[in-house]
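Here is what each chain is made of, one letter per residue.
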Amino acid sequence: MFSSEIRLPGLSSPWQRFSSLLKDSLGLSLSQLSSGFNLESPVSCFLHPLSSVSPHSLASIRGLFPSPLPPLCSEKPHEEYFENLLPVKNVAGFPKWGRSSRTTSSHSSMRCQAWLRTAVAGLVLTHQLYSGLTASETGRVEEGWDLWDLLEVGVDVQKQDDWQGLNGHKEKEHLNRRDCNILTMSQPASQKKPPSASLNGRRALPPNFSNAEEDEVPEMEVTGLMPKGFNLKDYLQVVNVNMLSSNQEINKQQHHTDRYYNPKLIVRRGQPYHIQIEFTRPYKPEKDILWLEYIIARDSQLENLVGKEKYCRFGARKHNHSRYPQVNKGTYIQIPLVEELKSGAWGAKVMQKEGNSVNLSIMSAPDCIVGKFRLYVAVWTPSGIIRTKRNSATDTYILFNPWCQEDSVFLDDEKEREEYVLNDVGVIFYGDINDIKTRSWNYGQFEEGLLDACLTIMDRAQLDLSGRSNPIKISRVASAMINARDDEGVLAGSWDNIYAYGVPPSAWTGSVDIILEYHSSASPVRYGQCWVFAGVFNTFLRCLGIPGRIITNYSSAHDNNANLQLDIFMDEEGIVDHKLTKDSVWNYHCWNEAWMSRPDLPVGFGGWQAVDGTPQETSDGMYRCGPASVQAVKHGHVCFQFDAAFVFAEVNSDVVYSKTMKNGTRVIEQIDTTHIGKLIVTKDIGSDRMKDITEQYKFREGTDEERLALETALMYGIKKEAMQDSVHLPQSDVDMDFEVENAVLGSDFKVTITFRNSGHSRHTATAYLSGNIVFYTGVKKNEFKSQSFDVILEPSSSKVEEVLIRSSDYINQLLDQASLHFFITARLNETKKILAKQKTSVLDIPKLHLKVQGEKVVGKEMSVTVEFTNVVKQKLKNVSIRLDGPGILKTALKTFKEIPENSTLTWEEKCIPRRAGLRKLIASLTCDTLRHVYVFLFLLKLLLISINFNRLQFTEICIHLPDLRWPEGDGIKEIPGFITNLSYGC
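Computed from a prediction, not measured in an experiment: that's the story for all the values here.

Definitions and limits used
Residues numbered from 1 in each chain as written. Predicted model: local features only at pLDDT ≥ 70, side-chain atom pairs only at ≥ 80, totals over all residues. Heavy atoms only, no water. Helix = DSSP H or I, 4+ residues; strand = E, 2+ residues; numbered from the N terminus. Contact = heavy atoms within 4.5 Å. Areas by Shrake-Rupley, 256 points an atom, 1.4 Å probe, with all protein chains shown as cover. Pairing = 2+ DSSP bridges. Axes fitted to C-alpha atoms, helices over the stretch in contact; angles between N-to-C directions. pLDDT = per-residue confidence, 0-100. Buried < 20%, exposed > 50% of the residue type's maximum accessible area, 1.4 Å probe, protein only. Polar contact = N/O pair within 3.5 Å; in protein donor to acceptor, adjacent residues only side chain to side chain. Expected span 1.5 Å × (residues − 1). Salt bridge = Lys/Arg side-chain N within 4 Å of Asp/Glu carboxyl O. Core = buried A, V, L, I, M, F, W, Y, C linked by side-chain atoms within 4.5 Å. Parallel < 35°, antiparallel > 145°, perpendicular 65-115°, else oblique. Left-handed = near helix turned anticlockwise from the far one by under 90°. Phe/Tyr/Trp six-rings, centres within 6.5 Å; stacked < 30°, edge-to-face > 60°.

1. Let's talk about the overall build of the chain
Phase 1 of the analysis: When you go through the chain residue by residue, the secondary structure sums to 22 helices and 45 strands.
Phase 2 of the analysis: Of the contacts formed within the chain by residues at least 6 apart in sequence, a portion of 70% connects residues at least 24 apart.
Phase 3 of the analysis: Only carbon and sulfur atoms are counted for the fraction: they give 49% of the accessible area of the chain, which is about 42700 Å².

Okay, structure coming up:
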């Protein structure tokens, strides 16, 4: 309990005088004011009274005191303030204080006492807190803060070690030394967790990174005197807010968000949208003052420091006095009513008034935060602000806007926007440069729950809300969160062909199941490889409105030591030393590109930015990559952030073959300048064809520009590894190359090696062929074939050797993608020169087949049949088939124990299509022996159409698909077939 006998450090004499003043003004002793407080929890001293007088905020408590407090860091003693303190100031809704207050009603008197107890206890607590700090700790308090700043933050002494401005352990030590009987610890220090490490840097306040959590905003915020006879019914009040959020209404149609399976309003920033507000009476602009408020944050400071239970009791505070939401952070947006909307600024314009309703057009800023905002309508009255109740139906999702020129993701081509933002099904290229394969992928960015799941990914990444207006920050954070290597992200990777307790990467047909599972479980989904990481990342980008596409780089380098070259070390016999060779060449590698401006780079380096969610190397301490300007990569400007050097090495590094001699000397035998980045492709716009974009990443091989780009990269601080005692031997007049015969999995094939002697001397060579089972990343699993042979080369002649590879050599050792890697070396006996070549061959895999039966009409049942014939020369076990079709059916999974040799599997699945247009069915098969078995089938569907003909509006029209023709322009020119379910209204 507080009592007049308690000695407060530095305040004892003034405190006694203050206590006397309280008794004179209210006839109450200090012990009476503090009655009922639980002093074991000091913060309850000012939390408890607030719960009894809600909804007023701390600003009203501050109004009890007639003069401002001196700053905490000032030399002016706080005692002077208390000596002059007299509670005579009027508080909204309360009578003046003094002797006259004792004649008021007991209810008002109790409220006055509650407010006073709150103020007194809060001031005592915060002064005690500050008095126990060392000089170095007080220096961390923001300049100009006073006791009110600490009080509004809501510091709880029990949780000081969690406050990111003060050192909790030192603070408790000081408080204990001061012998403050008022402040006691409810939990021994030994039981408390040490402060966790933070990557947030120096902050006065902890970050606010939750889009899902929210504060309770007061419906009535008293700001002044409440006049006698005040009646809220005399002022404008909101009855309903219609967000016009259905997919058929103007907002989603104009903002290209009508495909999202989400009933709430989804708009794109920098573009006007409409809402309708209904009041209790007609709106009168000359009399009524109202505005809109968008809030996206919560005051996480209080919950973090005082605990969730106390935070809830504490109640809401005015936005302009709380740390969050904040106008300057973009987490609180006040939208005024204006005469004319201005591009680039928030504003609302009255478009139409009809009865008690008002139609507003709202313009959003093109650089506002992307996320889910809570909407409130605020009406001003002489005594305070009246707000609408919290209504989740008025929540508004604001996304990036590639259609807005002022948005940093603006894309000026409509076909590109349709492809890179709105297309929800794509194609991913994989395989080998000599055998390019394709697979369809369901991005599903509009599916139910996906948008909230993508926002949750940013929450779990702890990306500050104020940074979510910047596509650079979002894409960089997402590149780390897509993988689970170091931050419990979306996907756990696996490249060892072991997929226990998870789904093999080749079995996935799209991103939807992965993201939704992560959203619900909050645990990484197993498993992914580069194309799965890229597919999920692409869904994330397009869902938020950032144009994105998937890139495939064939013969992609993984440079482990950042020297811009791939080093392959061999012994004197020409056999690769796998212990020394750490770099690898992937058959292919998939990453993403995101379209955005780059104001942090010189002019000309915006546009497509390479971002990669596959965990390969760390960047700034985390497994992530990008965004790296593709233009910077092409020209070798690898000094520009982020990770341009790593991307440059992936597409344009040299392969250096070195021989290690017994005396430790390394001899550079050969430099291959064309092996890396042979082909870089993406999906073409409007079709599933492959588009070659190699020259967007690098100049043509062998040109002066391409070599200059490499030299530029080296000049910008990328150091090549120094090779002590290295010697570069001159080129030989003997050359070697080889080809691998195309083959179906389970069949025999040949490797043909060709030697050419262009000189005038006779040569003999000892050649060695090594066939390896490898992961598509180029990492060796085991060797399945090794063969040596001698070759005699006459002057100016060529010689061909063939090596037979039998199916029994490899069939029982194959990995996911049936990838075989051949490395051939030949040592010229006369000169000791070593020739080396490597290639990868991917065997053809049996395919699935899809058939569709029934009416191809939206809303009508149809059946999909999957067929597969086992042509592999062995029984297939543990077979799993996944069927997916965005807009047609949800992902279905079917398992089979085994499929005998030469037998056919059939599976029929019934579905009811939901969406029209060019739709695609996707199926994949995986088993212990076979993976990457895919098939897709295009279907044309129809949806429910709304037709306007003069003033007659037809709705709920279902048209059978046969002979349907869509027009190039607006309207429908011809609808043959049978029309049913017709209703109309005028």
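2. Regarding the sheet that holds strand β26 (residues 690–692)
Phase 1 of the analysis: As summarised here, the arrangement of the six strands in space is β22-β19-β18-β16-β25-β26, forming an open sheet in which the pairing is antiparallel. Taken across any chain shown, the strands that pair with only one partner, and hence form the sheet edges, are β22 (625–629) and β26. In this sheet, adjacent strand axes meet at a mean angle of 30 degrees when their direction is disregarded.
Phase 2 of the analysis: The sheet contact formed by strand β19 (residues 607–612) and β22 spans three bridges and is antiparallel. Residue pairing in the sheet places alanine 610 in a bridge with alanine 628 of β22.
Phase 3 of the analysis: Across the face of the sheet, helix α15 (residues 471–481) comes into contact with β18 (584–596), β19 and β22 while running at roughly 140 degrees to β22.
Phase 4 of the analysis: Contacts between helix α19 (residues 644–652) and the sheet are confined to β16 (548–558), β18, β19, β22 and β25 (679–683), with β16 contributing the most and set at about 65 degrees to the helix.

3. So, the confidence of the model for the chain
Phase 1 of the analysis: Residue-level pLDDT values for the chain average 75, and 68% of them are 70 or greater.
Phase 2 of the analysis: The low-confidence segment residues 941–986, where pLDDT is below 50, has 81 contacts with residues more than four positions distant or belonging to other chains.

4. Points about the side chain of arginine 549
Phase 1 of the analysis: Residue position: arginine 549 is located in strand β16.
Phase 2 of the analysis: Judged by relative accessible area, arginine 549 falls into the buried class, the value being 3%.
Phase 3 of the analysis: Within polar-contact distance, the side chain of arginine 549 engages the side chain of glutamate 593 at 2.7 Å.
Phase 4 of the analysis: Beyond its immediate chain neighbours, meaning those up to four positions away, arginine 549 contacts Tyr420, Asn538, Arg542, Trp591, Asn592, Glu593, Trp608, Thr682, Ile693 and Gln696.

5. Brief notes about helix α14 (residues 450–460)
Phase 1 of the analysis: By the criterion of burial, α14 is predominantly enclosed, with nine of the eleven residues buried.
Phase 2 of the analysis: The complete set of buried residues in α14 reads Leu450, Leu451, Ala453, Cys454, Leu455, Thr456, Ile457, Met458 and Asp459.
Phase 3 of the analysis: Contacts from the buried residues of α14 go to β3 (265–268), β9 (371–381), β11 (396–399), α15, α16 (512–521) and α17 (530–544).
Phase 4 of the analysis: Directly after α14, the chain includes glutamine 462, whose backbone phi takes a positive value near 60 degrees.

6. Thoughts on α17
Phase 1 of the analysis: When the terminal C-alpha atoms of α17 are compared, their 21 Å separation across 15 residues agrees well with the 21 Å that a helix rising 1.5 Å per residue should span.
Phase 2 of the analysis: Judged by how many residues are buried, α17 sits mostly within the fold: 15 of 15 residues are covered.
Phase 3 of the analysis: Immediately downstream of α17, the backbone of glycine 545 shows phi near 100 degrees, a positive value.

7. Thoughts on the pattern of salt bridges
Phase 1 of the analysis: Applying the stated criterion across every chain yields a total of 36 salt bridges.
Phase 2 of the analysis: Between lysine 264 and aspartate 395 there is a salt bridge, and its shortest N-O distance comes to 3.5 Å. On the criterion of sequence distance, the pair formed by lysine 264 in the loop between α10 (250–254) and β3 and aspartate 395 in the loop between β10 (384–387) and β11 is long-range, its members being 131 residues apart.
Phase 3 of the analysis: Classification of aspartate 395 by relative accessible area gives buried; the value is 1%.
Phase 4 of the analysis: Put simply, glutamate 801 and lysine 799 hold a salt bridge, and the shortest N to O gap is 3.7 Å.
Phase 5 of the analysis: Since its relative accessible area comes to 32%, lysine 799 is described here as partly exposed.
Phase 6 of the analysis: Three or more residues are tied together by salt bridges with common partners; here these are Glu221, Glu293 and Arg387.

8. Things to note about the nonpolar core
Phase 1 of the analysis: Formed by 65 residues in total, the largest nonpolar core has its most connected members in Trp531, Phe540 and Leu544.
Phase 2 of the analysis: Of the residues forming this core, the biggest block, eleven residues, is contributed by α17.
Phase 3 of the analysis: Counting 57 residues, the second largest nonpolar core, distinct from the first, contains Phe738, Val740, Leu850 and Val935.

9. Here's the deal with the packing of α14 against α16
Phase 1 of the analysis: The geometry of α14 relative to α16 is characterised by a closest axis approach of 9 Å and an angle of 55 degrees between their N-to-C directions. By the criterion of interaxial angle, the relationship of α14 to α16 is oblique. Read as a crossing pair, α14 and α16 show a hand that is left-handed. When α14 is examined against α16, the residues Leu450, Asp452, Ala453, Thr456, Ile457 and Arg460 are found in contact with a partner set consisting of Val512, Ile515, Leu516, Tyr518 and His519.

10. Remarks on the sheet that holds strand β36 (residues 862–869)
Phase 1 of the analysis: One open sheet holds the three strands; their spatial order is β35-β36-β39, and the pairing between them is antiparallel. The open sheet has two edge strands with one neighbour each: β35 (849–853) and β39 (904–911). Here the strands of the sheet are splayed against their neighbours by 20 degrees on average, with no regard to which way each runs.
Phase 2 of the analysis: As judged from the five bridges shared by β35 and β36, these two strands associate in the antiparallel manner. Residue lysine 851 lies in a different strand from β36, and its bridge partner there is threonine 865.

11. Here we look at the pairing of strand β7 (residues 347–354)
Phase 1 of the analysis: Sheet analysis places β7 next to strand β8 (residues 357–363), joined by seven bridges and oriented antiparallel. Bridging across to β8, lysine 349 finds its partner in serine 361.

12. Notes on the packing of aromatic side chains
Phase 1 of the analysis: Here the structure, examined in full by the defined rule, presents 18 aromatic pairs.
Phase 2 of the analysis: Residues tryptophan 595 and tryptophan 608 carry aromatic rings whose centres are separated by 5.3 Å and whose planes lie at 80 degrees to one another, so their mutual orientation is edge-to-face. Taken together, the residues tryptophan 595 in strand β18 and tryptophan 608 in strand β19 connect sequence positions 13 residues apart.
Phase 3 of the analysis: On the basis of relative accessible area, tryptophan 595 is assigned to the partly exposed category, the value being 22%.

13. Re unusual backbone geometry
Phase 1 of the analysis: Omega for the peptide link from arginine 526 to tyrosine 527 comes to 0 degrees, which places this bond in the cis form.
Phase 2 of the analysis: Its location among the elements puts tyrosine 527 in strand β15 (residues 525–528).
Phase 3 of the analysis: The peptide bond linking glycine 626 to proline 627 adopts the cis configuration, its omega dihedral lying at 5 degrees.
Phase 4 of the analysis: Its location among the elements puts proline 627 in strand β22.
Phase 5 of the analysis: Even without glycine at this site, serine 555 takes up a positive phi of about 60 degrees.
Phase 6 of the analysis: Structurally, the position occupied by serine 555 is in strand β16.
Phase 7 of the analysis: Classification of serine 555 by relative accessible area gives buried; the value is 8%.

14. Digging into the environment of valine 803
Phase 1 of the analysis: The residue valine 803 is located in strand β32 (residues 797–805) in this model.
Phase 2 of the analysis: Those residues in contact with valine 803 that sit more than four places away from it in its chain are Phe749, Lys750, Val751, Ile753, Leu769, Lys785, Gln787 and Phe789.

15. Quick look at the environment of valine 379
Phase 1 of the analysis: As for its placement among the helices and strands, valine 379 is situated in strand β9.
Phase 2 of the analysis: A residue is classified by how much of its surface remains accessible, and valine 379, at 3% relative accessible area, is buried.
Phase 3 of the analysis: Valine 379 sits 144 residues away from tyrosine 235 along the chain, and the two C-alpha atoms are 8.4 Å apart.
Phase 4 of the analysis: Beyond its immediate sequence surroundings of up to four residues, valine 379 is in contact with Leu236, Ile289, Leu290, Gly384, Ile385 and Ile386.

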